[in-house]
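# Commentary on secondary and tertiary structure
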Amino acid sequence: QQAKKAKKKKVPLPEHLLQGPAGARLVDIGVNLTDRAFEGDVGEVLQRARAAGVAGVMVTGTDLEGSRRAAALAAEHGLHFTAGCHPHCAKAWTPAWRQELAELAARPECVAVGECGLDFDRNFSPPEVQQQVFDAQVALAKELGKPLFIHCREAGAELAA
C-alpha cells in the first residue's frame, strides 16, 4: 500500500540531473519493476520515467523468478535487465538456478549478473551461504564477460576480500 501512496506523489527531477555534462543521459540501473507493487502499472511507470527524462531503464533480477520476469519485461518494453540472486535469496540457490541464470544472463539484453553480493545486516540467508552464492555469480560473470550488479550491506571487508 505504501508503493501505491508513493506512486501518487509525483516529484519532478531537478533540471540539473536531467541535463548531464557533455550530453550525458540519466539511466536508472536498479529498477525493481518485478515487484508486485507494479503489477498492471509497468507501462505507466515507464511512461512517467521517460517524461521525467530517464533515457534508459535496467530491470533488476534478484532471484530466479524475478530474473525471469525481468527478462520478460525487458523483451516486452524494449529494456535491459540483470539476472542474479540477491543475498537475501541465497539460501534458495541450487545448481539448477545457476544453469538458468546463466542462460538468462547470456542474452544480449542482460547487461549484468546480479543483483548479487553480501548482506550481513539482516542475514535472511546465512553469511557462508551468501558468500558461496556470490562467488558462484562472480564466476558466472567472468565466464560470460558481464559486469556484476553488487549489493553490499554491513559486509564491505568480506566483499573486498
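Residues numbered from 1 in each chain as written. Predicted model: local features only at pLDDT ≥ 70, side-chain atom pairs only at ≥ 80, totals over all residues. Heavy atoms only, no water.

### Remarks on the pairing of strand 5 (residues 148-153)
Where strand 4 (residues 110-119) and strand 5 come together, six bridges link them in parallel fashion. The residue of strand 5 that forms the bridge with Gly-114 is Phe-149. Handedness of the crossover is the feature at issue here: the chain leaves strand 4, passes through helix 6 (residues 127-144), returns alongside strand 5, and the resulting connection is right-handed. (Pairing = 2+ DSSP bridges. Helix = DSSP H or I, 4+ residues; strand = E, 2+ residues; numbered from the N terminus. Right-handed = clockwise from strand over helix to strand, strands pointing away.)

### Structural notes on helix 5 (residues 95-105)
For helix 5, the set of buried residues is Trp-97, Leu-101, Ala-102, Leu-104 and Ala-105. Relative to the axis of helix 5, the buried residues are bounded by an arc of 165 degrees and lie together on one face. Away from the buried face of helix 5 by more than 90 degrees, exposed residues Pro-95 and Ala-96 are located. Buried residues in helix 5 make contact with helix 4 (64-77), strand 3 (80-83), strand 4 and helix 6. (Buried < 20%, exposed > 50% of the residue type's maximum accessible area, 1.4 Å probe, protein only. Arc of directions from axis to C-beta. Contact = heavy atoms within 4.5 Å.)

### So, the confidence of the model for the protein
Should pLDDT be low for a region, the predicted coordinates there are not to be read in detail. For the protein, mean pLDDT is 87; residues scoring 70 or higher make up 85% of the total. Considering each helix and strand of the protein separately, the mean pLDDT is smallest for helix 1 (residues 2-8), with a value of 46, and largest for helix 6, with 97. (pLDDT = per-residue confidence, 0-100.)

### With respect to the sheet that holds strand 3
An order of 1-2-3-4-5 is seen for the five strands of this open sheet, with the pairing classed as parallel. Here the strands that pair on one side only, and so sit at the sheet edges, are strand 1 (26-31) and strand 5. Direction aside, the axes of adjacent strands within the sheet are offset by 25 degrees on average. Running over the sheet, helix 6 touches strand 4 and strand 5 and is turned about 160 degrees from strand 4. (Axes fitted to C-alpha atoms, helices over the stretch in contact; angles between N-to-C directions.)

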